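# Observations on the model geometry
Next come the chains, spelled out residue by residue.
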Amino acid sequence: MLDSTHPDQIRAVERQVDLHKTLVIASSKSGSTLETKLLGEYWFERLEGRFGGERAGEHMIAVTDPGSQLEATARQQGFRRVFAGDPTVGGRFSALSPFGLVPSIAAGHDVQALLGEAIAMADACRAGDRGNPGLLLGAVLGEAARAGRDKLTLVTSRQTRPLGAWLEQLLAESTGKNGKAIIPIDAEPLGRPDQYGPDRLFVGVTLDGEHDPDAEHGLDQLVAAGHPVVRIRMRGALSVAQEFFRWEFATAVAGAVMGVNPFDQPDVEASKIATRRAMAESDSAGAKTAAPSIATEHFGLVGPVSGADANGAIGTFLASANPGDYVAVLAYVQMNAANAEALTRLRDRLRARLSLPISIQFGPRFLHSTGQAHKGGPNTGLFLVLTDSPQADLPAASVNSTFGAVVAAQALGDSTVLTERGRRVMRVQLRIDAAPAIDALSASIAA
């Protein structure tokens, strides 16, 4: 899954695949999404260089809504197949549509069995009482948010952990508007009950056969301390289809309880517009090398800051946090193990200092998910926007630029819109390899 415009990420994926054995799936409902457009062009050019223009399309398929720009491109370039989505189903509600099922078929999964599981949950969600699992979960989510418990902390097991990234998009983009939101906190290790404020709702998701005594004990302690805890146990891996339907249904219910429309995303487009403006106003070099206001050996603080040095400026920024707030680390860096581990250490430092929920997000993929809640939800977030310089850039021909310039413009556009919305934002330009620079930032936070 390549869901990043960062050139180091693209190169890392390219090194892992043998183009002779690779099917490229370009997936976009509108067909005009910047990331899909640029990445589709990039892979077609690579395939064209390997197999020639007449055969390159045989290695690609498209999943898109009828009449989209992507469909036209796929027909023109001779893609092996175009699968039509349903225009009436929003993107984040599309896990059980062709957007989720086509990749599942390509990966060799039993789609009939998946759909059987989903149908069983759909039937259960037709009940008009407490026996309706989607209605019950949605009512809990919505009423918890109305009561101030709007930080949904996902406690997933090893095998169910990937569900968290999907739930982030579904919940945050659906509910984050009109000054309201359910803020998902994913992959945060459980702490002691006294480390949590009255703004948390916990949901534990495990698979039959998995046993994590530490997590079970932690959830039991939370219940004993008066925190609300929901527990979901999946019968098997295919039961993920039941969770897709349950959570989609529950999200719609939660939106109704909260008084928001879960099916629109009015603030996502703002970042897209700001990205296009940033790309138009600066070339690739200018987009990547904004002069820092305060520079250290490992990172620079970009834009207005308050403080004589980095430690002071970071301390002043974090001092603006209040009870009920959260911190979102928006990291426009490669999604590799070293960076993920460094970001985990950063989260631990922030949590130890502030005792607040800490959300770790890789950019730019979160722009289409939690980005909606960041901008349209309540003004309770502190945003650390991290950017780096790619090890080697790649051309993005159709925008007459590079992927490095694109990801830099996305980070700048995101920061600009957050600032325009009155959010608390600190931009950090990592001056060396991302992981050690993030560790240096962590040290400054602990100072």
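For the structure itself, consult the block above.
A few points on the structure.

Here is what the cut-offs are and how they apply
Residues numbered from 1 in each chain as written. Predicted model: local features only at pLDDT ≥ 70, side-chain atom pairs only at ≥ 80, totals over all residues. Heavy atoms only, no water. Helix = DSSP H or I, 4+ residues; strand = E, 2+ residues; numbered from the N terminus. Pairing = 2+ DSSP bridges. Salt bridge = Lys/Arg side-chain N within 4 Å of Asp/Glu carboxyl O. Buried < 20%, exposed > 50% of the residue type's maximum accessible area, 1.4 Å probe, protein only. Contact = heavy atoms within 4.5 Å. Axes fitted to C-alpha atoms, helices over the stretch in contact; angles between N-to-C directions. 1 Å grid on protein atoms, 1.4 Å probe; cavity = no way out; pocket = protein on both sides within 12 Å on 5 of 7 lines; lining within 4 Å. Points joined across faces, edges and corners; volume = space filled by probe spheres on them. Nonpolar A, V, L, I, M, F, W, Y, C, P; charged D, E, K, R; others polar.

### Here we look at unusual backbone geometry
With an omega dihedral of 0°, the bond running from G363 to P364 counts as a cis peptide bond. Among the structural elements, P364 can be located in the loop between β11 (358–362) and α15 (370–376). Backbone geometry at N400 places phi at a positive 50°, although glycine is not the residue there.

### Let's talk about the sheet that holds β11
Strand order across the open sheet formed by six strands is β8-β9-β15-β12-β10-β11, with mixed pairing between neighbours. Each of the sheet's edge strands pairs with one partner strand only, and the pair in question is β8 (294–295) and β11.

### Things to note about the pattern of salt bridges
Counted under the stated rule, the structure contains 24 salt bridges. Measuring nitrogen to oxygen at the nearest pair gives 3.1 Å for the salt bridge that ties R192 to D194. For R347, the salt bridge identified is with D348, shortest N-O distance 3.8 Å. A relative accessible area of 38% means that D348 is categorised as partly exposed.

### As for the environment of L354
Structurally, L354 is set in helix α14 (residues 337–354). The class of L354 is buried, set by a relative accessible area of 18%. Sequence spacing of L354 and V327 is 27 residues, and the spatial spacing of their C-alpha atoms is 9.1 Å. Those residues in contact with L354, other than ones at most four positions away along the chain, are L318, A321 and V327.

### So, the sheet that holds strand β4 (residues 151–156)
Strands in a sheet are paired, the pairing made by backbone hydrogen bonds, and the direction either parallel or antiparallel. In spatial order, the strands read β5-β4-β6-β7; together these four strands make up an open sheet with parallel pairing. Looking at the sheet topology across the chains shown, the edges are occupied by β5 (183–186) and β7 (229–234). Taken over all neighbouring pairs, the strand axes of this sheet differ in orientation by 20° on average, direction set aside. The pairing of β4 with strand β6 (residues 200–207) spans six bridges and is classified as parallel. Among the inter-strand pairings, L154 is bridged to a residue of β6, identified as V203.

### Re empty space enclosed by the protein
Remark: the empty space left among the atoms is shown by a probe the size of a water molecule rolled over them. Counting across every chain of the model gives two cavities of 30 Å³ or more. Its boundaries defined by the atoms lining it, the largest cavity holds a volume of some 40 Å³. If you go around the largest cavity, the residues you meet are L38, E41, Y42, E45, P395, A396, A397, S398 and F403. Contributions of two or more residues to the lining of the largest cavity are made by α2 (34–51) and β13 (395–396). For the lining of the largest cavity, a count of residues per class yields six nonpolar, one polar and two charged.

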